[in-house]
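# Topology and contacts: notes
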Amino acid sequence: EWWKADTETIINEAMQTGGAPNISDAFTINGLPGPFYNCAAKDTFKLKVTPGKTYLLRMINAALNDELFFSIANHTLTIVETDAVYAKSKAPNANFLIAARPYATGPASFDNTTTAGVLEYDQPNGITTKNLPLLKPAAILPKFNDTNFVMQFSKKIRSLATAKFPAKVPMKVDRRFFFTVGLGLSPCPQNQTCQGPNNTKLAASVNNVSFVQPNVALLQAHFFNRSKGVYTTDFPANPPFKFNYTGTPPSNIMVSSGTKVVVLPFNASVEVVMQDTSIIVAESHPLHLHGFNFFVVAQGFGNFDPNKDPAKFNLVDPAERNTVGVPSGGWVAIRFLADNPGVWFMHCHLEVHTSWGLKMAWIVNDGKGPKQKLPPPPSDLPKC
């Protein structure tokens, strides 16, 4: 949450200077910061539960520019779809700290604070929860940059892969892509001072293309066959040049820019390997794909090896997601079926990186069947 300045002003200033936006004032749980902040607003979120019951928590990271660790003291959390919790079978004579704080791997300053809430059990015999001790574990959460913990945790998540809930992983691949994702630099506009190295602007890109937001909606331009001047269909399937992606960066780290897309035929099976780069710095990037779920078939540290790593792909019960973290200094491989016609963004879920251009778009063409075609826009749709 930002309370001390207008958020639109913060992002606009950052976009003009090419630097990172000012860090937030606090993290919150359901809008409440908790007891760890030196501010007037110390309201604390309280989750009240009944002993013996099982609770399903749906947790949404709304922190914009940070990935978050999350824990509840003295409780085991079991991921059943995205997140869930196991409640103890009898009423303990204590309250339990709920806490969240950032996982951060980049060079920029970040909001290194902890938001907290309280888990309270309904108590028998009129005992009030206010008189109970608040249990806090010795180590609430992993260290802010514990990438190895994140990797090992992520690898544990698997699909059910049962007859009722099958993991329909594409076994054959029609289109393969290798995307580098990371930071870079772009020139500072004339007669302006910028905050990047040597008076440049920080930028972000996929395969060295920093996405430029068009003035006409991509979906609108695609549907009416008016792409000229809006986008081009030459988004590169591979990086423009090879280098040691997680080692010493190349001498030229300037990005190109453009509104480029990939066009896919309906029902094409797609494999994308997304490789983090050490340009500026190696950093975790949570990549989100609109319009589809995908299967996370593999991930690892270092540079992806196209000769050795595919043999390790999990095609039996990989996690089915729509967002996956490209590991800091590593890579992740996903597969999906392009069975949803339209124009779909794929972007980093760190808002600052999206603003800097770490995004691209897929166009999935219509199929032949009546339910495989993009419907026309509604008559009252506002024109872009």
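Residues numbered from 1 in each chain as written. Predicted model: local features only at pLDDT ≥ 70, side-chain atom pairs only at ≥ 80, totals over all residues. Heavy atoms only, no water.

The name given to the chain in an unreviewed UniProt entry is laccase, with Citrus sinensis as the source organism. Quoted verbatim from the Subcellular location (unreviewed entry) heading of the UniProt record, the comment on the chain is "Secreted, Extracellular space, Apoplast". One UniProt comment on the chain, placed under Cofactor (unreviewed entry), says "Cu cation". (UniProt positions renumbered as here; feature names shortened; annotations may be inferred.)

## Topic: the overall build of the chain
Summing up its helical and strand segments, the chain has four helices and 18 strands in all. Once the C-alpha set of the chain is aligned to its principal axes, its extents read approximately 70 × 60 × 50 Å. Looking at the 384 residues of the chain, the share that counts as buried comes to 45%. Averaged over its 34 positive side-chain charges, the chain has a centre that lies 6 Å from the centre of its 27 negative ones. (Helix = DSSP H or I, 4+ residues; strand = E, 2+ residues; numbered from the N terminus. Buried < 20%, exposed > 50% of the residue type's maximum accessible area, 1.4 Å probe, protein only. Lys, Arg positive; Asp, Glu negative; His and termini not counted. Charge placed at Lys NZ, Arg CZ, Asp CG, Glu CD.)

## Looking at the pattern of salt bridges
Enumeration according to the criterion identifies eight salt bridges in this entry. The shortest N-O distance in the salt bridge between D234 and K260 comes to 3.2 Å. Of this pair, D234 sits in the loop between α3 (218-223) and β9 (256-258) while K260 sits in the loop between β9 and β10 (261-264); the two residues are 26 residues apart in sequence, bridging distant segments of the chain. Each of the salt bridges in this network shares a partner with another, and the network as a whole consists of K46, K48 and E120. (Salt bridge = Lys/Arg side-chain N within 4 Å of Asp/Glu carboxyl O.)

## Section: the nonpolar core
F179, L264, V272, M274, F336 and W362 are the most contacted members of the largest nonpolar core, which has 33 residues in total. Counting 17 residues, the second largest nonpolar core, distinct from the first, contains F45, A94, L97 and I98. (Core = buried A, V, L, I, M, F, W, Y, C linked by side-chain atoms within 4.5 Å.)

## Considerations on empty space enclosed by the protein
One pass over the full model with this rule turns up two cavities of 30 Å³ or more. In terms of lining, the largest cavity is formed by 18 residues, of which the most central are T180, S205, N208, F243 and I279. Among the elements that take part in the lining of the largest cavity, strand β6 (residues 175-187) stands out by supplying five residues, more than any other. (1 Å grid on protein atoms, 1.4 Å probe; cavity = no way out; pocket = protein on both sides within 12 Å on 5 of 7 lines; lining within 4 Å. Points joined across faces, edges and corners; volume = space filled by probe spheres on them.)

## So, the domain arrangement of the chain
Assigned domains of the chain: these are domain 1 (1-156) and domain 2 (175-364). Put simply, the middle of domain 1 and the middle of domain 2, counted by C-alpha atoms, are 29 Å apart. Taken together, the 21 residues of domain 1 in the interface contact 25 residues of domain 2. Between domain 1 and domain 2, the buried area comes to about 1800 Å², and carbon and sulfur atoms account for 59% of it. At the junction of domain 1 with domain 2, the criterion picks out zero salt bridges. Linking domain 1 with domain 2 are nine residue pairs in polar contact (both at pLDDT 80 or more). When contributions to the side of domain 1 that touches domain 2 are tallied by element, the ones reaching two or more residues are α1 (7-17) and α2 (147-155). Looking at the side of domain 1 that touches domain 2 element by element, the count peaks at five residues for α2. For the side of domain 1 that touches domain 2, the per-class residue count stands at eight nonpolar, ten polar and three charged. (Domains from an automatic or database assignment. Contact = heavy atoms within 4.5 Å. Buried area = accessible area lost by both parts, 1.4 Å probe. Polar contact = N/O pair within 3.5 Å; in protein donor to acceptor, adjacent residues only side chain to side chain. Nonpolar A, V, L, I, M, F, W, Y, C, P; charged D, E, K, R; others polar.)

## Notes on a nonpolar patch on the surface
On the surface, a nonpolar cluster with roughly 250 Å² of combined accessible area is contributed by I79, F149 and F153. Of note, F149 is situated in helix α2. You can call F149 partly exposed: its relative accessible area is 37%. (Patch = residues over 30% accessible without salt bridge, like charges linked within 9 Å, V, L, I, M, F, W, Y side chains within 5 Å. Areas by Shrake-Rupley, 256 points an atom, 1.4 Å probe, with all protein chains shown as cover.)

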